Amino acid sequence: MSADFIDLPQLLSARGTVRLPGSKSISNRVLLLAALAAGETEVRDLLLSDDTARMLDALRTLGVGVEPGAGNRWCISGVAGRFPVRASELFLGNAGTAFRPLTAVLALAGGHYRMAGVARMHERPIGDLVDALRQLGADISYLGNEGFPPLAIRPPALLPGRVVSLRGDVSSQFLTGLLMALPLLGVETTVEVIGELISKPYVEITLASMARFGVHVRRDGWRRFTVPADSGYRSPGVVHVEGDASSASYFLALGAIGGGPLRVEGVGLDSIQGDVRFTEALAAMGAQVSSGDNWIEASAPVAGTGTLRGISLDCNHIPDAAMTLATTALFAVGPTTLRNIASWRVKETDRIAAMATELRKLGVRVEAGDDFIRVHPPGAGQFLHPAAIDTYDDHRIAMCFSLAALGTPLRINDPQSVGKTFPDYFARFAEVSQGVPVIAIDGTSASGKGTIAARVAQALGWHYLDSGALYRLTALAAGRAGIGVDDEAGVAAIAADLDVVFAGASITLSGEEVSDAIRSEEISAAASRVAALPAVRAALLFRQRAFRRPPGLVADGRDMASVVFPDALTKVFLTASVEMRAWRRHKQLIEKGMAASIAALSLDLRERDERDSQRSVAPMQQSADAELLDTTNLTIETAVAQVLDWVNKVPKVG
Ligand code: DC
């Protein structure tokens, strides 16, 4: 995805089936274990994402044979604990699941390595892991700030056969990394966890993955973990990667809020991933959850017994999926409090701060502290505000906020961040969600679009967008501010800041009624000029899409079908002869008491048609999938009836 934003329409409902991508946590563990093992491993259903690409790159750099096969199968040629390349530089992006375990493995395996990541990776702590590795004789130094990547690793002077202590309350990835590396020592080693171990389910994934490769860690509660002597990894031959349970959470929540049933395939409730317990939280909120062999399904609470309800939950057991609850909370009755989430602060971004900031943009009240967040949903009769959500290079923020589209049209900035774990997330999302329907009516000036579109909207009980009015308002506001049409940035800034209220036939600009003022011929000409400025069109794009509210929208303009609402249910292109249009405009102006000549109006219309259809950006054109309606010889009633007829022929959604 190359766009730096994606606009989501407000959704009416969600249902369907999604095949999940492989689990990130399992994929990166399995890749590293397969590399360290003796023998070849075929990994099936591997996740292909930014984080696994970082791990695959690193393994190739270290001399491991890594070959893609058909489907998502990969063949990894294990090195039996000894990487062929003993000196190299590794770049691991923002992949914690690659950085932490590779640090531990390379520090104990021996060799000269430098390990770096993106700027955020260099802000994420690693000191506790380094301290533990040093107790075993590892030689690791910090190349930047003490306690943080980048790191330099030199061959260790091993002091094996020990009890190593490790802090457990910052990131469970430290314990994961250490445990995965310990079999390289060949002697029994015990890890003693200091402080509460957070994110225990991720450690369970580690232990299960190691067991698959023949190493059985003895566990004494969550305090002591012992890796027995002579426990080298052996390939089990073929390993299947489960679907990602954290990725499942977005779709399960979507089903719970948007009606459902929404089914995810690739993971069942017997998964080794702790995040499947997200389903318990969803059920506690009132959702219906069912599951079977390798699938889970969620639907809204039973019809008639109300909507989701807010909960208060200790989220230590589902740190990642808990983020999904923060946006699910927008659709519950009563506040939702997520507790024991301090680890959010050291993830891809400070997730507590990011969540709170972005949720507030939707107009809701949020309380946040060191280790909790509380979300107050909109009260009765209140709605979420359309907003542009920033994603902080954090895939989960992007995916969590997609749920808010069930309450408002939404813009998500930098949506490609989902590539970390779910590259085609938004395509899957679109397949299982039904947006508010739109009828797009484009056409030439004075072809009757406005009148016809407004009547169609009225007949259906839908909202109406007169997009031309926004260009007219921009022209009026720019003129009043003394900004010329050649100042593209200046006019675009005006467009972005328009303080306008549409209420029936009334249009107010900064509190002043301007519905007549924007219809003058002078403003018509100026509007056509500002509409040719790409920055102005970009500034007005989301404002237009924000009109798409339930139960539906009828929008008129020049690029409704081609640019603003390309997914419109029905698309109509209206036209009429220039003579007829000049005559209609003349009649309109005379009725408003404005002077006009038919000859001058004809000339003007020709010029505007020319400019609107020749401009480089979003030119007026009939979309290939639009119905053509020539109104030269039609009454308004006949034209409206024809549009409604086309609308009725479209299979119903929702
Ligand atoms: O539809 P109208 O005459 O009110 O539009 C005023 C101007 O704005 C017209 O010159 C074309 C331009 N416009 C546009 O470029 N794109 C739209 N979607 C709507 C109007």
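Predicted model, so just to flag it, every value in this text is computed and none were measured. (Residues numbered from 1 in each chain as written. Predicted model: local features only at pLDDT ≥ 70, side-chain atom pairs only at ≥ 80, totals over all residues. Heavy atoms only, no water.)

Draft legend 1. Summary view of the pairing of strand β22 (residues 365-368). Pairing between β22 and strand β23 (residues 372-376): four bridges, direction antiparallel. Its bridge partner being in β23, Glu367 is matched across the sheet by Arg374. Between β22 and β23, which pair antiparallel one after the other, the connecting turn spans three residues. (Pairing = 2+ DSSP bridges. Helix = DSSP H or I, 4+ residues; strand = E, 2+ residues; numbered from the N terminus.)

Draft legend 2. Seen up close, the packing of aromatic side chains. Under the definition given, this model contains nine aromatic pairs. Note on Tyr425 and Phe429: the rings are 5.9 Å apart at their centroids and 40° apart in plane angle, and the pair reads as tilted. Here Tyr425 pairs with Phe429, and both are found in helix α12 (residues 425-431), just four residues apart, close to one helical turn. Here Tyr425 matches Phe429 in class, with each residue buried. Geometrically, the ring pair formed by Phe502 and Phe547 is edge-to-face, given 5.6 Å between the ring centres and 75° between the ring planes. A residue pair is termed long-range when its members are at least 10 positions apart, and Phe502 in strand β29 (residues 500-503) and Phe547 in the loop between α17 (534-545) and β32 (553-557) qualify at 45 residues. Seen from the ring of Trp222, Arg219 lies directly overhead, with NZ or CZ sitting 4.1 Å from the centre. Between Arg263 and the ring centre of Trp295, over which it is positioned, the NZ or CZ distance is 3.6 Å. (Phe/Tyr/Trp six-rings, centres within 6.5 Å; stacked < 30°, edge-to-face > 60°. Buried < 20%, exposed > 50% of the residue type's maximum accessible area, 1.4 Å probe, protein only. Lys NZ or Arg CZ within 6 Å of the ring centre and 35° of its normal.)

Draft legend 3. Looking closely at empty space enclosed by the protein. Applying the stated rule across the entire model yields three cavities of 30 Å³ or more. Computed from the structure, the largest cavity encloses a volume of approximately 260 Å³. The wall of the largest cavity is formed by 25 residues, among which Lys24, Thr97, Gln173, Asp320 and Lys347 lie closest to the centre. Contributing elements (two or more residues each) for the lining of the largest cavity: α1 (24-36), α3 (96-109), α5 (172-181) and α11 (395-402). Classifying every residue of the lining of the largest cavity by side-chain character gives four nonpolar, ten polar and eleven charged. (1 Å grid on protein atoms, 1.4 Å probe; cavity = no way out; pocket = protein on both sides within 12 Å on 5 of 7 lines; lining within 4 Å. Points joined across faces, edges and corners; volume = space filled by probe spheres on them. Nonpolar A, V, L, I, M, F, W, Y, C, P; charged D, E, K, R; others polar.)

Draft legend 4. Local environment of the side chain of Arg124. Relative to the elements of secondary structure, Arg124 occurs in the loop between β7 (112-116) and α4 (127-135). Buried and unpaired, Arg124 has Glu348 as its nearest opposite-charge partner, separated by 4.4 Å. Here Asn94 takes part through its side chain, which lies 3.1 Å from a polar atom of the side chain of Arg124. Among all residues touching Arg124, those that are not within four sequence positions of it are Asn94, Gly96, Arg100, Phe148, Pro149, Val346, Lys347 and Glu348. (Lys, Arg positive; Asp, Glu negative; His and termini not counted. Salt bridge = Lys/Arg side-chain N within 4 Å of Asp/Glu carboxyl O. Polar contact = N/O pair within 3.5 Å; in protein donor to acceptor, adjacent residues only side chain to side chain. Contact = heavy atoms within 4.5 Å.)

Draft legend 5. Molecular detail of the side chain of Gln544. Tracing the chain through its elements places Gln544 in helix α17. Taking the relative accessible area as the measure of exposure, Gln544 reaches 1% and is therefore buried. Ignoring any residue separated from it by four or fewer positions in sequence, one finds Gln544 in contact with Leu465, Ser467, Leu470, Tyr471, Met560, Val564 and Phe565.

Draft legend 6. View of α11. The buried fraction of α11 is high, at eight of eight residues. Listed as buried for α11 are His395, Arg396, Ile397, Ala398, Met399, Cys400, Phe401 and Ser402. The N-cap residue of α11 is Asp394: its side-chain oxygen and the backbone nitrogen of Arg396 are 2.9 Å apart.

Draft legend 7. Region of the structure containing the packing of α3 against α5. As a packed pair, α3 and α5 sit with axes 8 Å apart at the nearest point and diverge in direction by 40°. Here α3 is positioned oblique relative to α5, judged by the angle of their axes. α3 and α5 meet at a crossing whose hand is right-handed. Packed against α3, whose contacting residues are Gly96, Thr97, Arg100, Pro101, Ala104, Val105 and Leu108, the element α5 presents Gln173, Phe174, Gly177, Leu178, Met180 and Ala181 at the interface. Looking at the contact of α3 with α5 residue by residue, the classes come out as eight nonpolar, four polar and one charged. (Axes fitted to C-alpha atoms, helices over the stretch in contact; angles between N-to-C directions. Parallel < 35°, antiparallel > 145°, perpendicular 65-115°, else oblique. Left-handed = near helix turned anticlockwise from the far one by under 90°.)

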